[in-house]
Amino acid sequence: MKKILFVLTLFLGCTFAANAQGFLDKIDRALNKVENTSNKVDNASQKAGRIGSKLNSLMGKKGESANAAEMTVLIEGINLAELKKISTGLESNKKVSDVKMKYNASGSTLTVLFNGDSEALFETLKKTSPLITDESVQAIEDEGIAIKIEK
């Protein structure tokens with residue numbers, strides 16, 4: 001009787017092991033599919049990047065963003081409407097690759113990718129808003145500009 005139980009237990013154990021191996025094979029195949037899909041997405045994003053750079057070169061923006069420096073413009077005492085106007089004015093400039101705006105009533109920030117130095121960026125800012133003048137500037141440094149607008 002003990003031999004029958006032992007053989008039955010051994011048989012069930014082997015059956016369970018075979019089922020477990022089949023389950024592990026399914027998991028392995030699923031992981032391979034996920035990895036293949038991830039590789040396809042990476043390849044597609046690389047192709048999209050190449051297409052985007054080709055479009056930029058056709059539109060005359062070739063190499064501008066590669067040479068652009070990220071500069072921060074801190075502005076105190078400005079309302080949201082005027083900040084949006086300045087941001088839009090900067091975006092239309094050929095030397096500006098990107099503008100990110102953060103508004104806060106006490107002090108707002110514009111992060112600008114600009115192809116030039118901070119003095120040239122300040123001159124561009126003065127053209128976007130009559131509120132920005134030589135008197136309103138507090139600092140012009142390599143990495144950014146600080147402006148305080150008095151009302």
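Before reading on, note that the structure itself is shown above.
Analysis parameters
- Residues numbered from 1 in each chain as written.
- Predicted model: local features only at pLDDT ≥ 70, side-chain atom pairs only at ≥ 80, totals over all residues.
- Heavy atoms only, no water.
- Helix = DSSP H or I, 4+ residues; strand = E, 2+ residues; numbered from the N terminus.
- Buried < 20%, exposed > 50% of the residue type's maximum accessible area, 1.4 Å probe, protein only.
- Contact = heavy atoms within 4.5 Å.
- Patch = residues over 30% accessible without salt bridge, like charges linked within 9 Å, V, L, I, M, F, W, Y side chains within 5 Å.
- Areas by Shrake-Rupley, 256 points an atom, 1.4 Å probe, with all protein chains shown as cover.
- Salt bridge = Lys/Arg side-chain N within 4 Å of Asp/Glu carboxyl O.
- Lys, Arg positive; Asp, Glu negative; His and termini not counted.
- Charge placed at Lys NZ, Arg CZ, Asp CG, Glu CD.
- Core = buried A, V, L, I, M, F, W, Y, C linked by side-chain atoms within 4.5 Å.
- Expected span 1.5 Å × (residues − 1).
- Arc of directions from axis to C-beta.
- Polar contact = N/O pair within 3.5 Å; in protein donor to acceptor, adjacent residues only side chain to side chain.
- Pairing = 2+ DSSP bridges.

1. A short note on the overall build of the chain
A tally of regular secondary structure across the chain gives four helices and five strands. Written out in order from the N terminus, the α and β elements of the chain read α-α-β-α-β-β-α-β-β. Within the chain, the fraction of its 151 residues that count as buried is 21%. At a minimum sequence separation of 6, the contacts of the chain that also span at least 24 residues come to 55%.

2. Things to note about a nonpolar patch on the surface
On the surface, Leu80, Met101 and Tyr103 cluster together into a nonpolar patch covering about 250 Å² of accessible area. Structurally, leucine 80 is set in helix α3 (residues 80-91). Using a relative accessible area of 34% as the deciding quantity, one classes leucine 80 as partly exposed.

3. Concerning the side chain of threonine 128
Here threonine 128 shows up in helix α4 (residues 118-128). Using a relative accessible area of 13% as the deciding quantity, one classes threonine 128 as buried. Here threonine 128 is in contact with Lys85, Ile86, Gly89 and Leu90, once residues within four sequence places are set aside.

4. Brief notes about a negative patch on the surface
Together, Asp117, Glu119, Glu141, Asp142 and Glu143 make up a region of like negative charge exposed at the surface. Here glutamate 143 shows up in the loop between β4 (137-141) and β5 (144-148).

5. With respect to the nonpolar core
Counting residues in each nonpolar core, the largest one holds 19 residues, and the members touching the most others are Ile75, Leu90, Leu110, Val112, Leu121 and Leu125. Looking at this core, the elements with two or more residues in it are β1 (69-76), α3, β2 (96-102), β3 (108-114), α4 and β5.

6. Regarding α3
The end-to-end C-alpha distance of α3, which contains twelve residues, comes to 16 Å, matching closely the 16 Å that a straight helix rising 1.5 Å per residue would cover. Looking only at α3, the buried set comprises Glu82, Leu83, Ile86, Ser87 and Leu90. Down the axis of α3, the buried side of the element spans an arc of 140°, and every buried residue falls inside it. Exposed side chains of α3 directed beyond 90 degrees from the buried face belong to Ala81 and Thr88. Those residues of α3 that are buried are in contact with β1, β2, β3 and α4. Taking the backbone nitrogen of alanine 81 as reference, a side-chain oxygen 3.4 Å away marks asparagine 79 as the first, capping residue of α3.

7. A look at the pairing of β1
In this sheet, β3 lies alongside β1 in antiparallel orientation, the contact comprising seven bridges. When the sheet's bridge partners are listed, threonine 72 is paired in β3 with threonine 111. In this structure, β1 lies alongside β5, joined through five bridges in parallel fashion. Bridged to valine 73 within β5 is isoleucine 145.

8. Here we look at α4
Along an α-helix, residues three or four positions apart point the same way, because every turn accommodates 3.6 residues. Residues of α4 that are buried include every one of Ser118, Leu121, Phe122, Thr124, Leu125 and Thr128, and no others. Along the long axis of α4, the arc covered by the buried residues comes to 160°, so they all point the same way. Next to the buried residues of α4 lie β1, α3, β3, β4 and β5.

9. Section: the environment of serine 118
Its place among the elements puts serine 118 in helix α4. Along the sequence, serine 118 and alanine 69 sit 49 residues apart, while their C-alpha atoms lie 9.4 Å from each other. In this structure, serine 118 is in contact with Met71, Ile140, Glu141, Asp142, Gly144 and Ile145, ignoring residues within four places of it in sequence.

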